Each structure stands twice: as structure tokens, then as C-alpha cells.
Amino acid sequence: MSCSGAGSADGHTVAADSMAQAYELVVRAERAVLPGGVAPCAIAVRDGRIAAILDAAAELAAVHEVRLGADEVLLPGLVDTHVHVNEPGRTDWEGFATATAAAAAGGVTTIVDMPLNSIPPTCDVAALEVKRQAAAAGCAVDVAFWGGAVPGNLADLRALHEAGVVGFKCFLLPSGVEEFPPLSGPGLRAAMREIASFGGLLIAHAEDAGSIREAPHGRAYGGVLRWRAPEAENRAIAALLATARQTGCRVHVVHLSSAAALPMLAEARAEGVPVSVETCPHYLTFSAGEVPDGATEFKCCPPIRDEANRELLWQGLADGLIDCVVSDHSPCVPELKRFEAGDFGAAWGGISSLQLGLPVVWTGARARGVPLSTVVGWLAERPAALAGLPAKGKLAVGADADLCAFAPDEWFTVEPARLRQRHPVTPYAGRRLSGAVRRTWLRGRQITGEDDRPTGRLLRRGGR
Ligand SMILES: [Zn+2]
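Within any chain, residue numbers begin from 1 and follow the written order of that chain's sequence. The predicted origin of the model limits local features to residues at a pLDDT of at least 70 and limits the giving and counting of side-chain atom pairs to 80 or more, whereas totals for whole chains, interfaces and linings rest on all residues. Water and hydrogen atoms were dropped before computing side-chain values, which therefore reflect all heavy atoms in the structure.

1. With respect to the sheet that holds strand E14 (residues 275-279)
Across the sheet, 6 strands lie side by side as E10-E11-E12-E13-E14-E15; this open sheet has parallel pairing. One side of each edge strand has no neighbouring strand; the edge strands of this open sheet are strand E10 (147-148) and strand E15 (324-325). Judged from the 4 bridges that link them, strand E11 (residues 168-171) and strand E12 (residues 201-205) form a sheet pairing that is parallel. Residue pairing across strands places Phe171 opposite His205, the latter belonging to E12. Sheet contacts for helix H7 (residues 230-247): E12, strand E13 (250-253) and E14; angle to E13, the most-contacted strand, approximately 165 degrees. The pairing criterion for strands is at least two bridges between them, as found by DSSP. A run of H or I in DSSP counts as a helix once it spans at least four residues, and a run of E counts as a strand once it spans at least two, with each numbered from the N terminus. Whether two residues touch is decided by their heavy atoms; if any such pair falls within 4.5 Å, the residues are in contact. Angles here are taken between N-to-C directions and fall from 0 to 180 degrees, while the axes themselves are lines fitted to C-alpha atoms, restricted in helices to the stretch in contact.

Okay, here's the thing in C-alpha cells:
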């Protein structure tokens, strides 16, 4: 790996007139994950965008030139469309500075912030402005925003859409925070009609309130499984699909855990219902049987299910039925995980894996023979398309020069202290993972390393 300043190979300074046309950065890689497949190339950056993708040996004048190591692969910066930043209002759980630093360290160059767990929730334009102001204080990566669809804010949806949110999140059962209540059946229909009227996107936490059983008590994970059985997801997804058929609204199922819903999703797709689906690294990695008693760092909703379910989720990805893998990074203060009692009923549900998504998914993928280029589709290209961010998620001319140097064969052990998120709570502690993020660039500027001035921008749907 070499990094040189302005100058030719023999040390002479490049003349000022040729510097005027020099690219600000050229990155050469023996392997780069391009939209058409893995190939050697030189990526030339001007004004923060990919200006040219050329032969790896092409002669180019550059202010900075980087040659990736033989063990490194150049990827597009990843796009994580499911991040709860929690600022303002619950900044002691997580904030823009810490969440985006974790993102950068994990090769993620764009996050999309969820509308809930921060206060106010992002349910009208004034709240969006509060959020944007909080984020403007400094983000290491680019940030876009989801709006919220809740009872009573039907009249705010179009204005939020026009203000640039990438879509609307709703719940079909209590969300866990009282300021973000769920939509009822008629409320869901009305919201989807309204969102369809301006061509927007609804994303749903799909669990059915009526199918949720008694909350768990105590340290056994089995209580969580009984509390939120797969039927809760399956019923809510069926209702969502029925409403999509009625209204024509585009819908997206967040954090799918129940693989039993996949045939129904396949059928809806075959009919032409505009539905997409994501799952999360934890559902692809863990199984219920391996969650130790009292280990509330594994608690999330919907829950981690059995091994057979996990393998069916991998199959759903292979079949193209599941579009994206995103983190559902959902932190809280450690006290709310109730580690002393280890009580799965009392603990907050949420797993924070923004920094680890790529190695976690790659470790599982390579064990199943899935190539890295396919993983990049799930973690970069498809989430960018979901959020309507055309400049993101791919190594293509005209796209933002968001890049990640990834060493796919380097193994490491997860040490919580190395996570940049606010609280180093993680169910991945001590786990061996394959794939190290060596460097990350945002619009052609390296954001991992000594110079960590925050240069992330706030993005609007469709924009940069
Ligand atoms: Zn979430």
C-alpha cells in the first residue's frame, strides 16, 4: 500500500498546469467490486465523485494516490438504512458523533436515521429540522432521515416527503416508546393511501399486536420466543401486503426474522405488489439455542429464532426475496439491558452492530459459498436504492467517491472496547470474524485515520 503526495514516481514535482487537471485522488486496486463484477481498476476522483474508472495501470495525474494491498478489495462505501441514532432526546443512548464514527470504522459511509427513540420523533417537519440541527453539529458519514407515520400525523406526511425524508416508518404494535404509537388497521390504510398519492415509501415494523403473548420473566431466552412467535410477524406481514394491494403503496418490511413469511412475500412479488424486505446480521448469525441464560445483549424484537429459520433467511437472500441486510443498530444505556438481573422481560430490546455488519455478514456468507460481490449488493447497492440515494452504494462514474478498503481474509476477535458506538454493548463480544475494514473514504476523503474532522453531509431523498 502506498500513499504519495503530488509528485511523479521519480520524485519530480508535477507541473502546476498539469496539477490543475489532476484528480484529487486515484485509488488502484487489484480487486474492486464493480456493478458488473470484481475486476482490477483505478478509480479517479474529482470533486468528491468518481470521475473515471480505468485500467489499473492507467497513467493518471493525482494529488493523492493509493494502491490497495494485495490482500485488500475495494468496495463501495456501505449504506445502512436502519440506524437509531437517538439524538436529540436520548443522546445518552447514542448520538450522531458516536454512531457515525462507528459507521466510518465499519466501512459504512451513509446511514439513514430512524424516526423514533430520539425526542421529538421525526413525525413533522419541525421535528425533522430539530434532528437535522443536532446532526449538523458533526457527522463522520452522510446521514439521511426516515420520517414517522403515527396516529394523527397524516397531514404532515406530504410535507415531510417534500422536506426530503426517504420514506415513513410505522409500527403495527407498541414500539417501546410512548411518543411513537402504532397505527391501527384503518390508520395504516389511510397512511398508505396518502403516501401512495405522492409516490412515497412506507416501511413497517411488522409484528401483530394481537399475536403477542405474555411478556417474558426471568433469565431464560425461551420466554422471548413464546412472547413473540413467528405468527406475530406472519400475520402483520399478511395485513401489510393486503393493504399494499388495496392502496398501491410501496412497502418495505424491516428486520424480517420469521422465514415462514417468505413464501407469502414471494407470492406478493410475483403478483406485482411493490414490496421489499430486509433482514439483519444477528438473524443471520445467531440461533435461539445459543443465547445464554440472562444474556440480554441478545434481546431484540422480533427475536432471534432457531437454526433452521436462520438458514431459510440465507436462502431468502440467495433467492433474491430478501433485498438488503442492514443493522437495526438500536442502542440504549447499558443499565437498561439489566445485566445484573439478566431479566429478558425488563431489558431493553436492541442490538447495535453498525460497525460490525460487514464482517459479520461476510463471515456467514463465505461459510455458505456466497461471494463478496453479492454481500455488497445486500449492504450497499440495494439499501441505497431503497432509500432513493442514487449517488450512493456503487462504484460507478458519477457516484460519490465513498470507498472502503476491505481485507476479506483477515480474521479478528471482536473486542467491545474497539467499537466506536457510545456504549460498547454487543452480543458479538469475543466472536471470531473474517474481514477487516482497513480504510474508509467519504467523497474521496479518508475518514478513518488521524484526521477525523466530521465532513458528513445531511442528505435528502434523491440528492447528494
Ligand atoms: Zn429498528
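Having put the structure on the table, let's press on.
2. Observations regarding the sheet that holds strand E8 (residues 108-113)
Taken together, the 3 strands give an open sheet; going across it, the order is E7-E8-E9, and neighbouring strands pair in parallel fashion. Each having just a single partner strand, strand E7 (78-83) and strand E9 (142-145) make up the two edges of the open sheet. In this sheet, adjacent strand axes meet at a mean angle of 25 degrees when their direction is disregarded. Bridge count for E8 against E9 is 4 bridges, and the pairing is parallel. The partner of Thr110 across the bridge, within E9, is Asp142. On top of the sheet, helix H2 (residues 96-105) reaches E8 and E9; it is set at about 140 degrees to E8, its chief contact.

3. Points about the layout of surface pockets
Buriedness of a pocket was judged along seven lines, with at least five required to meet protein on both sides within 12 Å; pockets are open sets of points on a 1 Å grid over the protein atoms alone, cavities are sets where a 1.4 Å probe fits but cannot get out, and lining residues have an atom within 4 Å of a point. Grid points are joined across faces, edges and corners, and a volume is the space filled by probe spheres set on the points. Approximately 720 Å³ is the volume found for the largest pocket. Elements that contribute at least two residues to the lining of the largest pocket include exactly H2, strand E16 (403-413) and strand E17 (432-442). Ranked by residue count, the leading element in the lining of the largest pocket is H2, at 5 residues. Of the residues assigned to the lining of the largest pocket, the class counts are 15 nonpolar, 8 polar and 9 charged. Along the walls of the second largest pocket sit 28 residues, with Ser175, Gly176, Cys301, Trp348 and Gly349 positioned nearest its centre. Three categories are distinguished: nonpolar for Ala, Val, Leu, Ile, Met, Phe, Trp, Tyr, Cys and Pro, charged for Asp, Glu, Lys and Arg, and polar for the others, with Gly belonging to the last.

4. Thoughts on the nonpolar core
Put simply, buried Ala, Val, Leu, Ile, Met, Phe, Trp, Tyr and Cys residues joined by side-chain atoms within 4.5 Å make one nonpolar core. The buried label applies to any residue whose accessible area, calculated with a 1.4 Å probe on protein chains only, is under 20% of its type's maximum; exposed applies above 50%, and partly exposed to all values in between. Leu202, Leu256 and Leu265 are the most contacted members of the largest nonpolar core, which totals 98 residues. Examining the composition of this core, we find that 6 residues originate from one element, helix H12 (residues 372-386), more than from any other. Not counting the four nearest positions on each side in its chain, Leu202 is found in contact with Ala149, Phe168, Cys170, Leu188, Met192, Ile195, Leu240, Cys249, Arg250, Val251 and His252.

5. A look at the coordination of the zinc ion
A metal bound by six donors in octahedral fashion has ideal angles of 90 or 180 degrees, whereas one bound by four tetrahedral donors has an ideal angle of 109.5 degrees. Note that water is not among the atoms considered, so a metal site may appear incomplete; the donors listed are N, O and S atoms within 2.8 Å of the metal, with 3.2 Å applied to Na, K and Ca. Taken together, the protein ligands of the zinc ion are His82 (NE2), His84 (NE2) and Asp328 (OD), with distances of 2.1 to 2.2 Å. The motif formed by the donor residues of the zinc ion, counted along the single chain, is H-x1-H-x243-D. With His84 in the loop between E7 and H2 and Asp328 in the loop between E15 and helix H11 (357-367), the pair connects residues that are 244 residues apart, well separated along the chain. Asp328 carries the same exposure label as His84, and that label is buried.

6. Focus: the environment of His282
When you line up the elements, His282 lands in helix H9 (residues 281-285). Look at His282 and you get buried, because its relative accessible area is 1%. Taking the C-alpha atoms as reference, His282 lies 9.4 Å from Arg310; in sequence the two are 28 residues apart.

7. A few points about the pattern of salt bridges
The term salt bridge refers to a pairing of a side-chain nitrogen on Lys or Arg with a carboxyl oxygen on Asp or Glu at a separation within 4 Å. A complete count under the given rule lists 19 salt bridges for this structure. Residue Arg90 is joined to Glu179 by a salt bridge in which the shortest nitrogen-to-oxygen separation is 2.7 Å. With Arg90 in the loop between E7 and H2 and Glu179 in the loop between E11 and helix H5 (185-197), the pair connects residues that are 89 residues apart, well separated along the chain. Among the salt bridges present, the one from Glu233 reaches Arg305, with a minimum N-O distance of 2.6 Å. With Glu233 in helix H7 and Arg305 in the loop between H9 and helix H10 (307-318), this residue pair connects regions lying 72 residues apart in the sequence. Here the two residues Glu233 and Arg305 agree in accessibility, since each one is buried. When salt bridges that share partners are traced, they join Asp142, Lys392, Asp400, Asp402 and Arg443 into one network.

8. Quick look at unusual backbone geometry
Note the cis peptide between Ile119 and Pro120, where omega equals 0 degrees. Within the element layout of this structure, Pro120 appears in the loop between E8 and helix H3 (125-136). One non-glycine residue with positive phi stands out, namely Asn86, at about 75 degrees. Positionally, Asn86 belongs in the loop between E7 and H2. Within the chain, His255 stands out as a residue other than glycine whose phi angle is a positive 30 degrees. Here His255 shows up in the loop between E13 and helix H8 (262-271).

9. What about the packing of aromatic side chains?
Note on aromatic contacts: the rings of Phe and Tyr and the six-membered ring of Trp form a pair at centre separations within 6.5 Å, being stacked when their planes are under 30 degrees apart, edge-to-face when over 60 apart, and tilted otherwise. In this structure the tally under the stated criterion is 8 aromatic pairs. Where Phe96 meets Phe145, the ring centres are 6.3 Å apart and the plane angle is 65 degrees; that geometry is what we call edge-to-face. Separated by 49 residues along the polypeptide, Phe96 in helix H2 and Phe145 in strand E9 bring together distant segments of the chain. There is no split in this pair, since Phe96 and Phe145 are both buried. Here a set of aromatic residues connected by ring pairs shows up, and it is made of Phe286, Phe298 and Tyr428. One cation-aromatic arrangement involves Arg228 over Trp227; the distance from NZ or CZ to the ring centre is 4.2 Å. Two conditions define a charge located above a ring, namely a distance within 6 Å from the ring centre to NZ of Lys or CZ of Arg, and an angle within 35 degrees of the ring normal.

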